[in-house]
Amino acid sequence: MFNKYKAGDIVYVFIRNPHIPDVATIQEAAVVKNPENPKQLAVFLYETYYPLTEELAIYSTFEEAEQAYNKYFGEDTA
């Protein structure tokens, strides 16, 4: 899944509020080379590097991210 991304890509990720577990937002982020392991990619967001892993909800377009967000966090999930 993550091999479709390359350094320089702009992606969209879900960021959860650590103080309110059921609150998340969609944020734009950049795919970059991981400074701790240049052979791997990371997402750079809020001055922090997050290695690309299965744990990230990452989308190529805002529209994809918004559809997934509505599926998981929309009003119809309550």
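Just above, that's the structure.
The rules we used
Every chain is numbered independently, its residues counted from 1 as its sequence is written. For this predicted model, a pLDDT threshold of at least 70 governs which residues receive local features, and a threshold of 80 or more governs which side-chain atom pairs are given and counted, while totals over whole chains, interfaces and linings are taken from all residues. Side-chain numbers here rest on the full set of heavy atoms in the structure, without hydrogens or water. Residues grouped as a nonpolar core are buried Ala, Val, Leu, Ile, Met, Phe, Trp, Tyr and Cys residues, joined through side-chain atoms within 4.5 Å. Only protein chains enter the accessibility calculation, which uses a 1.4 Å probe; a residue is then buried when its area is under 20% of its type maximum, exposed when over 50%, and partly exposed in between. Helix numbering and strand numbering both begin at the N terminus, where a helix is a DSSP run of H or I of at least 4 residues and a strand a DSSP run of E of at least 2. Pairs of strands are assigned from DSSP output, requiring at least two bridges between the strands. When a carboxyl oxygen of Asp or Glu is within 4 Å of a side-chain nitrogen of Lys or Arg, the pair counts as a salt bridge. Put simply, two rings from Phe, Tyr or Trp (the six-membered ring, in Trp's case) pair if the centres are within 6.5 Å, and we call them stacked under 30 degrees between planes, edge-to-face over 60, tilted for the rest.

**Side note on the nonpolar core**
Thought 1: Core analysis: the biggest nonpolar cluster contains nine residues, these being Tyr-5, Val-11, Val-13, Ala-29, Val-31, Val-43, Leu-45, Leu-52 and Ile-58.
Thought 2: When residues of this core are traced back to their parent elements, those giving at least two are strand 1 (10-17), strand 2 (20-34) and strand 3 (37-45).

**A look at the pairing of strand 3**
Thought 1: The pairing of strand 2 with strand 3 spans five bridges and is classified as antiparallel. Pairing of Val-32 across the sheet is with Ala-42, part of strand 3.
Thought 2: Linking strand 2 back to strand 3 in an antiparallel pair, the connection comprises two residues.
Thought 3: Bridge count between strand 3 and strand 4 (residues 48-51): four bridges; the pairing is antiparallel. The partner of Ala-42 across the bridge, within strand 4, is Pro-51.
Thought 4: The loop that links strand 3 with its antiparallel partner strand 4 comprises two residues; one of these, Tyr-46, has a positive phi angle of about 55 degrees.

**Digging into the pattern of salt bridges**
Thought 1: Overall, the coordinates contain one salt bridge when judged by the stated rule.
Thought 2: With a shortest N-O distance of 3.1 Å, Asp-9 and Lys-6 are connected by a salt bridge.
Thought 3: Asp-9 gets classed as buried once you look at its relative accessible area, which sits at 16%.
Thought 4: Accessibility expressed as a relative area gives 54% for Lys-6, which makes it exposed.

**Some points on the sheet that holds strand 5 (residues 58-59)**
Thought 1: Strand order in the open sheet formed by five strands is 4-3-2-1-5, and the pairing between neighbours is antiparallel. Strands with a single pairing partner mark the edges of an open sheet, and in this sheet they are strand 4 and strand 5.

**As for the pairing of strand 2**
Thought 1: Bridge analysis of strand 1 against strand 2 gives eight bridges, and the strand direction is antiparallel. Counterpart to Val-11 in the pairing with strand 2 is Ala-29.
Thought 2: Between strand 1 and strand 2, which pair antiparallel and follow one another directly, the connecting turn spans two residues.

**Topic: the packing of aromatic side chains**
Thought 1: Under the definition given, this model contains four aromatic pairs.
Thought 2: Relative to Tyr-59, the ring of Phe-14 has its centre 5.4 Å away and its plane inclined at 40 degrees; by these criteria the two rings are tilted. Here Phe-14, found in strand 1, pairs with Tyr-59, found in strand 5; they are 45 residues apart in sequence, far enough to count as distant.
Thought 3: Exposure remark for Tyr-59: the relative accessible area of 18% places this residue in the buried category.

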